[in-house]
Each structure stands twice: as C-alpha cells, then as structure tokens.
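Inside the fold
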Amino acid sequence: MKLTDHARRHKEVRNLIGGEWQKREDLPTEPVYDPATAEVIAQTPLSKKEDVERAVRAAEEAFSGWSSTPVVERARILFRLKMLMEENFDELSSLVTLENGKDKKDASGEVRRAIEVVEFACGMPTLLMGETVRDVARGIDNLSFRYPLGVVAAITPFNFPCMVPMWTIPIAIGAGNTYILKPSERTPLCSQRIGELLFEAGLPEGVFNIVNGAKEVVDAILTHPGIKAISFVGSQPVAEYVYREGCAHGKRVQALAGAKNSMIVLPDAVLEKAVPNIISSAYGNAGERCLAGSVLVAVGKEEEQDRLIGAVKEAASKMKVGPGYEEGSELTPLIRDSHREKVRSYVDLAEQEGAEVVLDGRVPPREEGFFFGPTILDRVTAKMRVAREEIFGPVLSVVRVPDLDEAIEFTNGSAFGNACSIFTESGAAVRRWRERIEAGMLGVNIGVAAPMAFMPFNGIKKSFYGDLHATGKDGVRFFTENKVEIVRWLS
C-alpha cells in the first residue's frame, strides 16, 4: 500500500518559529517525492535570510528562560518526548519510508536510534556535572560548571530524516540551548512531526525552531552572529564549506562529511555469516549512508577471492527490489532521478577505466520510482575513481589484494576515514588491523560499524571537520562551555 495518508497532514511543509507554524505564500518551493513512485507528496518552502533572522530572534528570546530552567525539569520534557516517540513509532517510521524510500526494517531501526539519543540525553543532570577539587591551596577550592552556549543550529541530510536531527536536538536543548533546525529540503516531513512532538512534550515556545530551505538558509545560518554553534551532516565538499565559513564567522562547528568505507575479508572469514553483513552494509538504505561498506577488499589467493565474490554476487542477485512499504523489499529506491543518473555515471566510468561489471543494476529494475539495481564492480584498482570517491548508491567495488598489509595500505590511501570493517576469526589479525587502520569507527565481523548513542560518531580525516563529534559525551561538550571557579572564603 502507499503511505501518503501518513503524510497528508504534513504535506504543507511550514517553518516553525517562536512556537508558530508559519507559511509564506511568496516563497518558491521544491517538490518532495515518494522515491518509490516519483509522486510529489509535498512542497518544501525555500525560505529566505529574513526567516533565519526571525528564528534567531525567537530563539534568543527563549534562551534566558530555558537556560535557567532546572536541568531536571528539562530532562522530564525529554522523558516525555521519548514516551511520545514510542507511542508514535509506527507513524515516524512510515514517514521515513515515505519521504526517503528505505524499507520498514531500516526505517524502524532509524527511529529506534533516534529514540536512543533521547534516552541518553535524559541523563543530562549527570552529563552536566562539573568537577571540584578542595584545598588546591590552603583554604582554596577549585570548581568547574557547564553552561549552554545560546542559540545553536543544525543542518541535516536527506538520508536519515529522523535519526540525524535527533543526534543533536535532545542533547542541545537538554543542555539548555535553544535550537534552529534546517532539515534537508528533500525530506522535511519527519522534522515537522518531531516539532509537534516536542511541543506536545511541553517544550516552551521558541526553544525549538525549523527553517526550511536550501543554500540561502545555510549561508544565513553560517553568517548570523546570534548563532553560536552549528552541527552539519552531509557531503564532504559541503562539510568543508560549512566548517570553513562557520569558523570564519566565529562559530563552533562540527561537520560530518562523506566516506569511502572498506570491508576487509580475510580467507578465514565465515562466509555464511560474513556475506549477509556485507550485503546489508553495501545495499541497505540503497547505499545512501556514510557507513555503507562500498569497497570489498578480498584478501588471499585468487580462488579464495573468487569464492567470496561469487557468494556475494549470488546473494545480491537474489535481493528483492521494491518500495520500502512493500513486504520483503530489500533494495529500495534512490532519493531522486538526478542522483540515480549520477550513480549510473560512476558505473559507466568504472567500466571505461577497466573494472569488470559482474552484476549490473543500470537497467531500472522497476518502471516507476528511482530504483537502481544491485551492482558489483570487480577488479577495481586504487587508481580508479570508484575506489576513491563516494558514490552513495547500491554499488560495491571489489579490490583484490594478497594479504592484510596490502588491504590496510589500500584502505589508508583513502582521503576519508569514517569506518572500516574486518571479517576474520583471527584475534591477532584484528589487533594488527585496529592498530594501523586510519578510520574512526571499526567493525569486527559487523558490516555497519554504527556506535551507540552514548559513544561519539567518530569519523576522522576528510570524513569529519572539527574537534568534538556528534552524540555521546562529545555531543554534550560541543553544546556547552566550561566556567572554572577558584574560591577562597575569608570569613
């Protein structure tokens, strides 16, 4: 069945400023599609600089009252938000499927991960604890306290419209900041529902705001003097731009960028367990995620490599391609037809550069929607662009190497350092790999090395710009600043 009913009351996407849902008739819009059908389901208003200015004013006005609200009261609102998200779990999951296209399992997993960040932030009274040392000198004590920054903002991507906004919303507001969200113009529906649930949970007006739009809104956020910190998730070129411009305007910035993640498979790997993980990593969410394993590094002799690649090809070729809301769908559509053309161009390029297309998804497996079939490119070399650049689609590049040292050397040659997985039964090999590999999130016999909410999302190299990562204690530190007090009482 189609899920347009779930979004019917959200199809008129609006800004949320100062507790009011606002619509401007004079703004241009961008269509929001159901990627499975190419049906237009909503229109995103492309807001202007003045809309950001209004949101900042509303957030500034709310900051004094919200930041002075006791942290235990802020935490109670987060507890209520967690409860409301659980009660509305199916609706949130359906909205993810509708606007992004992913299947029910992946959409449900995304909502669950979003709730886990709320659960982490519910511990804010403990997370904001400072430090004390008595008698650092005679009669003198030293103390530290954590304070919110003020107005903060987040710019989030299309591929996780529920989870990625929730990486920062509960932590930032739980710490006492007020907040402006610029969701992807391609997937604005989940953010609308999150805004409703926040206010149903009791959040005061102006603490959470939404400004929909594209580059003009991004640039206004980057340059506005009233915004103290910015969290960004998106492609590497834009992440670098956001980091550079935000820092140039005196802001604290964390910018989570692109990836080119390797999955290293040693000859001793248990293939019947490794292959399902490889398939899920490469093709889950249609490959549109920064933790996707997009390069399979086959280690060993040629017959061992052939056995692995044959097993992966057999599993991939059996995947059911279909809409996320259709029972049993395993490979769902890409976000837009223009992106499908980009993915196709990479497969064409790989073939021209000498890669062997052993499984070809370029012919659309379904007539409607933005589908691209599972694709495997064998005998890819480090010099090929498909080995170095993020494709963001269901394309798995296979690199053949004789030993673990060459696998590590190939992986470390990437400009990115988001994640890497290894499949083996050798603890010694894992330790050697862990010590030498240049990636921030590591999976051992796990295809998607996603950390839990209480750990940082830990990309390195060109996969991250900044000092403090999203989620975990890094997230708390990013949205707060310390005051250190040294005290002597004279009477």
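Let me sum up the structure you'll find in this document. Once a new chain begins, its residue numbering starts again from 1 and follows that chain's sequence as written. Whole-chain, interface and lining totals are the exception, using all residues; otherwise, since this is a predicted model, local features are given only for residues with pLDDT of at least 70 and side-chain atom pairs are given and counted only at 80 or more. Computation of side-chain values covers all heavy atoms of the structure but excludes hydrogens and water.

1. Concerning the sheet that holds strand 22 (residues 480-488)
As summarised here, the arrangement of the three strands in space is 5-6-22, forming an open sheet in which the pairing is antiparallel. What marks the edges here is a single partner per strand, and that holds for strand 5 (131-137) and strand 22. Each adjacent strand pair in this sheet contributes to an overall mean axis angle of 25°, direction not counted. Should DSSP find at least two bridges between two strands, the strands are taken to pair. Working definition: helices are DSSP H or I runs of at least four residues, strands are E runs of at least two. Numbering for both runs from the N terminus. Two elements, strand 6 (residues 140-148) and strand 22, share nine bridges in a ladder whose sense is antiparallel. When the sheet's bridge partners are listed, Arg146 is paired in strand 22 with Asn482. In this analysis, axes come from line fits to C-alpha atoms, helices being fitted only over the stretch in contact, and the angle between any two N-to-C directions falls in the range 0 to 180 degrees.

2. Some remarks on the packing of aromatic side chains
Only centres within 6.5 Å qualify two rings of Phe, Tyr or Trp (six-membered ring in Trp) as a pair; their planes then separate them into stacked at under 30 degrees, edge-to-face at over 60, and tilted for everything else. Within the structure shown, the criterion is met by six aromatic pairs. Seen from their ring centres, Phe158 and Phe392 are 6.0 Å apart, and the 90° between their planes marks the pair as edge-to-face. Taken as a pair, Phe158 in the loop between strand 7 (151-155) and helix 7 (163-174) and Phe392 in the loop between helix 14 (385-388) and strand 16 (395-401) lie far apart in primary sequence, 234 residues in all. One exposure class covers both Phe158 and Phe392, and it is buried. A centroid spacing of 4.6 Å and a plane angle of 40° characterise the contact between Trp167 and Phe457, whose relative ring orientation is tilted. Each residue is placed in one exposure class: buried if its accessible area under a 1.4 Å probe, protein chains only, is under 20% of its type's maximum, exposed if it is over 50%, and partly exposed if it falls in between.

3. Thoughts on the packing of helix 4 (residues 89-100) against helix 8 (residues 189-200)
Interaxial distance between helix 4 and helix 8 falls to 9 Å at its minimum, and their mutual angle equals 160°. Of the possible angle classes, the one that applies to helix 4 and helix 8 is roughly antiparallel. Contact residues: helix 4 offers Glu91, Leu92, Leu95, Val96, Leu98 and Glu99, while helix 8 offers Leu189, Cys190, Arg193 and Leu197. Among the residues forming the contact of helix 4 with helix 8, the class breakdown is seven nonpolar, no polar and three charged. For this classification, under 35 degrees means roughly parallel, over 145 means roughly antiparallel, 65 to 115 means roughly perpendicular, and everything else is oblique. Contact definition: two residues touch when any of their heavy atoms are within 4.5 Å. Three classes are used: nonpolar for Ala, Val, Leu, Ile, Met, Phe, Trp, Tyr, Cys and Pro, charged for Asp, Glu, Lys and Arg, and polar for all others, with Gly counted as polar.

4. Comments concerning the nonpolar core
Membership of the largest hydrophobic core comes to 71 residues, with the highest contact counts inside it found for Leu81, Met85, Trp167, Ile169, Ile173, Tyr179 and Phe208. Excluding residues that lie within four positions of it along the chain, Phe208 makes contacts with Leu16, Ile169, Tyr179, Leu181, Gly195, Leu198, Phe199 and Leu203. Buried Ala, Val, Leu, Ile, Met, Phe, Trp, Tyr and Cys residues form a nonpolar core when they are joined through side-chain atoms within 4.5 Å. Formed by 33 residues, the second largest nonpolar core is a distinct cluster that contains Tyr346, Leu377, Val386 and Ile408.

5. So, the layout of surface pockets
Roughly 210 Å³ of volume is contained in the second largest pocket. Lining the second largest pocket are Thr126, Leu127, Met129, Gly130, Glu131, Ser144, Arg146, Lys473, Val476, Arg477 and Asn482. Sorting the residues of the lining of the second largest pocket by element identifies helix 6 (124-127), strand 6 and helix 17 (472-478) as the ones contributing at least two each. Of the residues forming the lining of the second largest pocket, the biggest block, three residues, is contributed by helix 17. Looking at the lining of the second largest pocket residue by residue, the class counts come to three nonpolar, four polar and four charged. Computed over the protein atoms alone on a 1 Å grid, cavities are sets of points where a 1.4 Å probe fits but cannot get out and pockets are open sets with protein on both sides within 12 Å along at least five of seven lines; a residue lines them when it has an atom within 4 Å of a point. Grid points are joined across faces, edges and corners, and a volume is the space filled by probe spheres set on the points.

6. Let's talk about the pairing of strand 18 (residues 419-423)
As a general feature of sheets, a regular strand has side chains that alternate between the two faces. Burial within strand 18 is extensive, with five of its five residues counted as buried. Side chains Ala419, Ser421 and Phe423 of strand 18 all project onto a buried face; the interleaved residues Cys420 and Ile422 project onto the opposite face, where all are buried too. With four bridges connecting them, strand 12 (residues 261-265) and strand 18 associate as parallel partners. The residue of strand 18 that forms the bridge with Val265 is Phe423.

7. Structural notes on the pairing of strand 10 (residues 227-233)
Of all seven residues making up strand 10, six are buried, and the element is well covered by its neighbours. Note: strand 7 against strand 10, five bridges, orientation parallel. Bridge assignment links Ala153 to a residue of strand 10, and that residue is Ile230. Alignment of strand 10 against strand 11 (residues 252-256), held across five bridges, turns out to be parallel. Along strand 11, the bridge assignment pairs Phe232 with Ala255. Whether a crossover is right-handed comes down to one check: with the strands pointing away from the viewer, does the path from the first strand over the helix to the second run clockwise; if it does, it is right-handed. Handedness of the strand 10-helix 10 (residues 236-248)-strand 11 crossover: right-handed.

8. Quick notes on the environment of Ile169
Among the secondary structure elements, Ile169 is positioned in helix 7. For the pair Ile169 and Ala450, spaced 281 residues apart in sequence, the C-alpha separation works out to 19 Å.

9. Overview of the sheet that holds strand 16
Sheet architecture is open: seven strands sit in the order 14-15-16-13-12-18-19, paired in mixed fashion. If you trace the sheet from one side to the other, it starts and ends with strand 14 (356-359) and strand 19 (441-444), each paired once. Within the sheet, the average angular offset between the axes of one strand and its neighbour, ignoring direction, is 25°. In this sheet, strand 16 lies alongside strand 13 (residues 293-299) in parallel orientation, the contact comprising five bridges. Looking at strand 16, one finds that Leu296 is bridged to Val398. The sheet contacts of helix 13 (residues 337-352) involve strand 14, strand 15 (375-378) and strand 16, and relative to strand 15 the element is tilted by about 25°.

10. Describing empty space enclosed by the protein
Across all of its chains, the model carries three cavities of 30 Å³ or more by this definition. The space that makes up the largest cavity amounts to roughly 100 Å³. Taken together, Ala259, Lys260, Asn261, Gly287, Arg289, Ala292, Ser294, Glu390, Ile391, Phe392, Gly393 and Val395 form the lining of the largest cavity. Looking at the lining of the largest cavity, its residues break down into five nonpolar, four polar and three charged. A volume near 50 Å³ is recorded for the second largest cavity. At the level of secondary structure, the elements contributing two or more residues to the lining of the second largest cavity comprise strand 12 and strand 17 (416-417). Class assignment of the residues belonging to the lining of the second largest cavity gives a composition of three nonpolar, six polar and two charged.

11. A closer look at the pattern of salt bridges
We define a salt bridge as a side-chain nitrogen of Lys or Arg found within 4 Å of a carboxyl oxygen belonging to Asp or Glu. Within the structure shown, the criterion is met by 37 salt bridges. With its nearest N and O atoms 2.7 Å apart, the salt bridge here joins Lys23 to Glu12. Pair noted here: Lys23 is in the loop between strand 2 (20-22) and strand 3 (29-34) and Glu12 is in the loop between helix 1 (4-7) and strand 1 (15-17), with a separation of 11 residues, a long-range link. Residue Lys23 is classed as partly exposed on the basis of its relative accessible area of 40%.

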